[in-house]
Structures are given as C-alpha cells and as structure tokens.
Amino acid sequence: MRFQSARFQPDSRNGIMPPCLRLKAAMRLSYRSPATFALLLCSMFASMFAIAQQSAYKDAALPVEDRVMDLLHRMTLEEKAAQLGSTWQNPQIMSDPKQREKLAFIDENGKLLPEKAKELLKNGLGEYVRPSEKRGPAEMVEFANTIQKLVIESNRLGIPVLFHDECLHGHAAPQGTSFPVPIALASSWDPALIHRVFSAVAEEVRARGVQQCLMPVLDLARDPRWGRTEETYGEDPYLVSRMGVAAVTGLQGTASALDDRHVFATVKHFAVHGQPEAGINIGPANYSERVIRDNWLVPFEAAVKEGRPASLMPSYNEVDGVPSHANKWLIQKILRGEWDWNGFIVSDYFAIAEMNRVHHLVGSNAEAGKLALETGVDIELPQTDAYSTLVEMVHNGRIPEELVDRSAARVLRAKFLAGLFDHPYADPARAKQVTNSPEHQQLALETARRSIILLKNDKDLLPLDRTRLKKVAVIGPNAAEVHLGGYSDKPGRGVSVLEGVRAKLKNIATVEYSQGAAITEGPAVWEQDTVVPPDEKKDAVRIRQAVALARHSDLVVLVLGENEQTSREAWAPNHLGDRDDLNLIGRQQQLADEVIATGKPVVVVLLHGRPNSIAKLARSAPAILDGWYLGQEGGTAIADVLFGDVNPGGKLPITVPRSVGQLPDFYNHKPSAHARPYVFAESEPLFPFGFGLSYTTFRLGQPRLSASTISPSGHATVEVDVTNTGKRAGDEVVQMYIHDEISSVTRPVKELKNFERLSLKPGESRTVRFEITPEKLWFTNIDMKRVVEPGTFQIMVGTDSTKTQDVILTVQ
C-alpha cells in the first residue's frame, strides 16, 4: 500500500483525528505513560490504515486489479447489481406510461429531472446508452458531463458511468463524420486505411464524452437477402479478420488502458449471425461445430487474440437450439476458456428478454436474466429489465452473489481502464474542434475513393473525357440524395452524385437531373418503420421524363440501387429490412432498359447495402461502378472516378449472384456445392469475390515458392511479380488462396489467406511476398482438433477468386 501525504490532512467528514496530530499527542504523553503511548501509537497506525483503505480504489497509482477488488469489497449487493444495468432515456422506447414513470429521469423534451435522477441512480449505473441523440458536439459533451456528475454524486462511492454509442462507420451523432459503410470499407482491401478511419472515429467519439463503441460487426455476410449485409466486411473469414483487427486497434489503440483519443471496441455479433434461415434477421443458424470453428469464429478469434477488444456482444440468434445469450459453449468454453479473453460482455438491445419473448427458452424476463448472468453476460442493454430482479434472486438463493461480483468486477475494471475514476469529464471545445474536422473530411473522401469498384467498362467508356461533353443527364432514384446507410446521423455536410458531377463539370457542360423511378415513396429514413413502395402511375411519368432528358443529352449517369429503408436491420415485426429477392426494387430495371435504348452512352452507378441481381443490366449497360454507400463525401469520390481523376482499385468483398436462386453463393464453398449445374441457368456468379477492374492493366507472373516441401510446423513464402502494363497509374489487389487437395474432412475449393493492395506507375513492377504458416494451412479435423495434415496444397495467386495461377506445396 502506498501512502501519500495529501491523504493525511484534517477531515471533518470522517471524525478521525489526522495521524500527524495523533503522533504529536502520543509524543507528549510518552514520558508520562508508556502504556498509554503504545496504545495511542497502535490507534494511530490503525487510523492510518483505515484512511488509506478508505481511499485505495481512488488511487490512480495502484494497479487496476487492486482498485477493482478494493472497490468491490466496499459495495453492497444493490450497488454491485446496479453496475450490471443500463438506461436509455429515449421517449420512443419508454412509450409505456408506467415504464416512463418508473425509469425516466429525462422528460419528452430532453429536460433533466434531477431529483428523479438522484433517486434512480442512488446505487450507481453500469452504462448510459447513446447520449448523442439530437445533440451536437458541445451540447453532447455538456449533457454527458451533467449526467456523469449526477451519477457520481448520487451514489455512495462515487462510481462513474460508462457511456456507449453507435460507431459502425463513423460516430452516429449529429455532425459526426460519416465514412463509407463497412461493406464498402472492405471493398478497399486496405486494413491500414481502416485503422486510420477508426482512429479518427475514436477521436471524435472520445472527445464527445463517450468511452465505448458498439462495433465492429464481424459476422460473415453469406446471404445478401439479410438486411444487415451492409454492416459487415463481406463473406470471407480472412478478409473480415483483417478488417476487424484493424477496426479494433484503430478504436482502442494497443494499450489495455485508454488514452483520451481512444474508446473501447465491442466486437459483435458473437456468433454465426450472417446467414440466417430464409435471410431473415435473427433467424436460426444451424451449422456444425466444424463449420462454425473454421468459418464463423475465425474473425472473432483474430480480433480477440490480436486486437484484445475490451467488450463483446452476443448475437440475437440461436445455434443448435441455444440462443447466444445463453450459449455457455460459445461464451465460457471458447471465448473465456480457449481464447483466454477477460473483457466484459454487453447484451444486444433487449436480447436477454427476447429469450423469453422470441425464443421461448424461459417463461419470464427474470428467468432470462438469471440464465444470461449464469452464461456470463455482464451488462443488460439498453435498459435494466431482466436484470432488475437479480438482487431478489440472490436473497432467495436462486443466484449466488459470486456471479454478480464476477460481472460487476468486469464492469468496474473497464471503468478504471477508461480513466473514468480519474478523469470523468470531456471538453466541449475539443469536441467542436475534432468533430468532422477538415482532416476527417479528407480521410472520408480518400476512403470513398479507394472503396469504389469498377465492375464493367466496355470499349473503355470510362474515364469520361469532360472536354467532349456539352450536356450530361444524371438520372435515377439515388442520384440527387446523399445516402449514408444505416447507423448514421446527419453529418452536417454531404455530396450527392448529382452535386459531385455538377462540381466536376462546372463551366464546362450543362448537368440536368431526373429521378426516373422511385425505390420508395417519400424520404428514405432508416429509423422510420413504415416503408411505402413506389407508385406505379408516378413512376410512369418519372420514367418518361427521364428518357426524354436522356435523348437530349450526350451522356447519362444512371444512379440505381436501394436505400436505407429497403436494406437495413429488421429490428421488429413493424420495422423490416430483409428481402426475398435481390432484383432492383420497383421499376428501376425498366428505367434502365428505356434509357439504354436511347443509344446514348450510359454509366450505371450502384448505391446499395447488399449485392443486387443485375444480370440483365450487366449485359446491356456499357459501364458499371459499385459504391455501396460511400459516406458524406461519396458524390465527390464518384465524380473523381467517372472523370479519371482517380483510378478505381476496389474489389468485391462479397459474391454478386445472378439471381436469388443461386443463394448461398459464397466463393469458398465445398467441392460438392456446385458439382451439378442448374437446368437452363448458369451456376457461376455474376461477379466473383475479389473482382474489380481498373483503368489500367496488370500482369502477374508465375508464383514462386521458397520451398516446395515443408513440415506441418514449417514455413514457406510465395512470391509473384506484378507489373502495370497500362498507361495509367493504378492499384491492384494481389490475392493468395489455398486449397488442401486431399483431407480427412471436406475442405473448401479455395480459401483467401493473404492479400496486398499496391499502387504502381505505368511500366512499374514490384514483387509481392506472402508468408505460408501453419495458421494458413490448418483446419478442424474429424476429431475436432486443429491440425495441419500432410499432403499437397494448391497455392493460388491472382487478382480475384477466379483468376489465379498456382504452385504446389507439399507438407510431409
């Protein structure tokens, strides 16, 4: 125990004589009564120890674990249980008058009710949910500081609250920088860029008083009917792993404790959440343990072991009849046991109660809370509901207090690591300075540029020669609006494709706009429950107007896809986002057919959250760019690519099927999956995983191995020479795939195991080198053990999953 002189000052609050005065008194009495002196001296040291103990958890010099244990031992059961709860002061989720009366301490106008808050917060609080709502940077900081001060002063031990927010592709808060959605970020195939993006996100979030972000999503997107496809980094375990680790380390940094520029990451949704039955959100995912370990768990294991995220969120769905919030095999055996992870687990919103309401695993929310706590879920989000009876259950002997202690300790540890006990408040001036700064705007633009994929470019229509254009038509339902995707707010700025093209052709050509057809009627509001399909009569008029404009233009930029209402998280029966087909919604295909029939050059730009089945469009349109949702600077980035100021270098992180009937259609399938073709249809995808064109050309030489034979624990390298054979500088993504030719259980036809994006000038060559380690060759064998089996492996190197050259590596 360390003692600091500042602690031993007179303190009228505790009624204890300071040790310095007690020592003087003892010295005065020592010559009169040695016995009295000894007694007083013992009392003095006891007092010193008591005071030191009273303040130990507040001592920033002590190890975090010591502070946690000291504080935990001082807490009542009620105070410990409070650390496992949360509150979301949102009128929409507190629509029940009884719930508002019981839980709300902020009124419907956003006004704080201090006396009500003090009563509700008297035992403390684990987390406060999304303080950013409807608050700009400075206002949010002032609000968070107010709540923090109230929490600290309302509970006996001064324990602060942890704030979390949504940060999927930027801080989902007013004025927060909006970067491209994750599926677009993955299209960059650039982990270093992703690290920079989430370092910027963390800086903004932390400056605004928040310490935890609910991201990254490490689900594999293996059914694009699923509306949350846009939230993922694609279909491949290795690519998602690299993007996930980059996101985690960008958010948190590399130290266990946070500095003032980083926040805790919360990896989610653990696990097997991206290929639900029928493509419907939270549907069951019934796959074998081997498939789960060799695919679905791979990104989580990489993130946990390399990034050491502070937090994790289980998924809503079930595996083999067990919802993830009750899955001890996932949480205790694998996560805590095999991976040795010691962070804290937060529930997905309302997911604990859903084990009662949706899964019918238990008969009450209280029983659901008991089950989740036993499994190891430390905090219930976004409200304390199922966990509200934990104290009563402990008193009744239904839950051992040690389980509450276990979770409370994890939560307290996170608060110490976040620095909340020592520096609980944020600075409004810094928040204003950092949020959507010019540097972050430039990074958002760079990221959007690097995420765009060129899917088709017949007769080198692109890049466009702006000097030869007099009148350009920008047509389509996604042309004139900024589409940011889900989990976004209003960044305060944004560039549509129409605005980007107009800026590029200012004083050069006339740019006119026509909607052409609708995706939905009315504004595309992600949070809005009701979705209105396009009106047929209105579309007929809109299409006629668009075709007339096209006929009188030199070129058409046709911007199609989906919007934030048709591809999103289906979080309730009245708020849907999954689809039963992948075709372009409404009459967009008709619009495209009629515009292309005018004979004018047409460039299609796709803005959407999932791959669409565009087989007909891919045959007829001369050029196609895919941008997913590109964030606030997306329109500028699209215009830069259209006119050749930027050479596109993005690659698909997910397979694009010809039709919904091909699903599932991920590239790393088993050999038998496509052993028989369809009747009257092709079985190959429309665009394969890893695909993307450029305005230049590249040549890859024959790959070379450093050793043709290695042991199961051995290492080798493969090298390939890459040359830019065109006339423009450009980027290529070199990809390495591996296939185990003969194995004791069936293995995928190929698996991505490394990649590198490189920029080359015309005529420039470079050698790319990839390491082949046991981790690149292992799989889960018949005995459920991770092994590298002797045999031959195809080492394939190429520019997408279908265009590769291979060499054979023998393991013996």
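Model, not experiment: these values are computed from the prediction. (Residues numbered from 1 in each chain as written. Predicted model: local features only at pLDDT ≥ 70, side-chain atom pairs only at ≥ 80, totals over all residues. Heavy atoms only, no water.)

> Sorry if this is basic, but what is going on with the overall build of the protein chain here?
Along the backbone of the protein chain there are 25 helices and 26 strands. In the protein chain, which comprises 812 residues, the share counted as buried stands at 60%. Of all intrachain contacts in the protein chain linking residues separated by at least 6 positions in sequence, the fraction that spans at least 24 positions is 76%. When the accessible surface of the protein chain is summed, it comes to about 31,600 Å², and 52% of that surface belongs to carbon and sulfur atoms. The protein chain carries 92 positive and 99 negative side-chain charges, and their two centres are separated by 3 Å. (Helix = DSSP H or I, 4+ residues; strand = E, 2+ residues; numbered from the N terminus. Buried < 20%, exposed > 50% of the residue type's maximum accessible area, 1.4 Å probe, protein only. Contact = heavy atoms within 4.5 Å. Areas by Shrake-Rupley, 256 points an atom, 1.4 Å probe, with all protein chains shown as cover. Lys, Arg positive; Asp, Glu negative; His and termini not counted. Charge placed at Lys NZ, Arg CZ, Asp CG, Glu CD.)

> Sorry, what's going on with helix α15 (residues 365-375) here?
Think of an α-helix as turning once every 3.6 residues; residues three or four places apart then point the same way. Those residues of α15 not exposed but buried are A368, G369, K370, L371, A372, L373 and T375. Buried residues along α15 sit against α13 (328-338), α14 (351-357), α16 (390-395) and α17 (401-417). Residue G376 follows α15 closely and has a positive phi angle near 120°.

> Would you explain the packing of aromatic side chains in this entry?
Each pair of aromatic rings is reported with the distance of its centres and the angle of its planes. If you walk through the whole model with that rule in mind, you get 19 aromatic pairs. For the ring pair Y349 and F350, a centre distance of 6.4 Å and an interplane angle of 85° mean the geometry is edge-to-face. Residue F350 is classed as partly exposed on the basis of its relative accessible area, which comes to 34%. Three or more aromatic residues link up through ring pairs in this structure, and these residues are W189, Y238, Y667, F689, Y737 and F755. The side chain of R222 reaches across the aromatic face of F666, ending 4.0 Å from its centre. In this arrangement the basic side chain of R786 is found over the ring face of W778, its NZ or CZ atom lying 3.8 Å from the centre. (Phe/Tyr/Trp six-rings, centres within 6.5 Å; stacked < 30°, edge-to-face > 60°. Lys NZ or Arg CZ within 6 Å of the ring centre and 35° of its normal.)

> Even after reading the chapter, I still don't get the packing of helix α20 (residues 497-504) against helix α24 (residues 634-642), so can you show me in this structure?
Axis angle and axis distance: for two packed helices, these are the angle between their axes and the distance between the axes, and together they describe the pair. One way to put it is that α20 packs onto α24 with a least axis distance of 7 Å and a crossing angle of 50°. Relative to α24, the element α20 is oriented oblique. The two elements α20 and α24 meet at a crossing, and its hand is right-handed. Across the interface between the two elements, V497, G500, V501 and K504 of α20 pack against G635, T636, I638, A639, D640 and L642 of α24. Its residues placed into classes, the contact of α20 with α24 shows 5 nonpolar, 3 polar and 2 charged. (Axes fitted to C-alpha atoms, helices over the stretch in contact; angles between N-to-C directions. Parallel < 35°, antiparallel > 145°, perpendicular 65-115°, else oblique. Left-handed = near helix turned anticlockwise from the far one by under 90°. Nonpolar A, V, L, I, M, F, W, Y, C, P; charged D, E, K, R; others polar.)

> What is the right way to look at the pattern of salt bridges in this model?
When the charged atoms of two side chains lie near each other, side chains of opposite charge can form a pair. For the structure on display, the rule yields 52 salt bridges. Note that E133 and R130 form a salt bridge whose closest N and O atoms lie 4.0 Å from each other. Two residues, E764 and R766, come together in a salt bridge whose shortest N-O distance is 3.3 Å. Salt bridges linked by common partners bring R449, R466, K504, D640 and D645 together as one network. (Salt bridge = Lys/Arg side-chain N within 4 Å of Asp/Glu carboxyl O.)

> Is there a simple way to think about the environment of D66 in this case?
One can find D66 in helix α3 (residues 64-74). Taking the C-alpha atoms as reference points, D66 and A56, separated by 10 residues in sequence, lie 8.3 Å from one another.

> Can you walk me through the state of the cysteines in this structure?
By definition, a disulfide links two cysteine residues through a covalent bond between their sulfur atoms. Enumeration over the complete set of coordinates arrives at 1 disulfide. Disulfide partner of C167: C213, at an S-S distance of 2.1 Å. Because the sign of the S-S torsion sets the handedness, a value of about -80° for the bond joining C167 and C213 places this disulfide among the left-handed ones. Separated by 46 residues along the polypeptide, C167 in the loop between β3 (162-165) and α8 (182-187) and C213 in strand β4 (residues 212-213) bring together distant segments of the chain. (Disulfide = S-S within 2.5 Å.)

> Any chance you could explain unusual backbone geometry here in plain terms?
For residues other than glycine, phi is negative in most cases, and the peptide bonds are mostly trans. In this chain, M215 is followed by P216 through a cis amide linkage whose omega measures 10°. Mapping P216 onto the fold places it in the loop between β4 and α10 (237-252). Looking along the chain, the bond that leaves K268 and enters H269 is cis, with omega of 0°. When you line up the elements, H269 lands in strand β5 (residues 264-270).

> Sorry if this is basic, but what is going on with the sheet that holds strand β2 (residues 127-129) here?
Pairing between the strands of a sheet comes from backbone hydrogen bonds, and it takes one of two forms, parallel or antiparallel. Ordered by their spatial adjacency, 7 strands build an open sheet running β1-β2-β3-β4-β5-β6-β9, and the pairing between neighbours is parallel. The open sheet is flanked by β1 (86-87) and β9 (344-345), the only strands paired with a single partner. Pairing analysis gives 3 bridges linking β2 to β3, with the strands arranged parallel. Among the inter-strand pairings, E127 is bridged to a residue of β3, identified as L162. Packed on one face of the sheet, α10 meets β4 and β5 and runs near 150° to β5. (Pairing = 2+ DSSP bridges.)

> How should the side chain of R130 be read in this particular structure?
With respect to the helices and strands, the residue R130 is situated in the loop between β2 and α7 (137-154). With relative accessibility at 18%, the residue R130 sits in the buried group. Leave out the neighbours within four places in its chain, and R130 touches W88, H164, D165, E166 and Y349.

> I would appreciate a short explanation of the sheet that holds strand β25 (residues 791-798) in the present structure.
Overall, mixed pairing links the 5 strands, which are arranged β18-β26-β25-β20-β21 in an open sheet. The sheet is open, and its two edges are formed by β18 (709-710) and β21 (751-760), each paired on a single side. Sheet topology note: the β18/strand β26 (residues 804-811) ladder contains 2 bridges and is parallel. Note on β26: the bridge partner recorded for I710 is V811.

> Help me understand the nonpolar core in this model?
Proteins that are soluble and globular tend to have nonpolar side chains buried together. By size, the foremost hydrophobic cluster in this structure holds 105 residues, and its most contacted members are L71, F198, Y233, L251, F270 and L752. If sequence neighbours within four positions are ignored, L251 has contacts with F198, V201, A202, C213, M215, H262, V263 and A265. Within the second largest apolar cluster, 39 residues are counted, among which are A473, V547, V656 and L686. (Core = buried A, V, L, I, M, F, W, Y, C linked by side-chain atoms within 4.5 Å.)

> Honestly, the pairing of strand β10 (residues 453-457) in this entry has me stumped. Any pointers?
Within a regular beta strand, the side chains point alternately toward one face of the sheet and then the other, so they alternate between its two faces. Most of β10 sits out of view: 5 of its 5 residues are buried. Judged from the 4 bridges that link them, β10 and strand β15 (residues 623-626) form a sheet pairing that is antiparallel. For L454, the partnering residue across the bridge sits in β15 and is L625.

> Explain the side chain of T799 to me, please; I cannot follow it from the model alone.
Summarising the element assignment, T799 is placed in the loop between β25 and β26. According to the relative accessible area criterion, T799 is buried, its value standing at 16%. Ignoring anything within four residues of it in the chain, the contact list for T799 reads K651, G690, L700, E732, V733 and Q735.

Function cannot be read off these values alone, since they describe shape.
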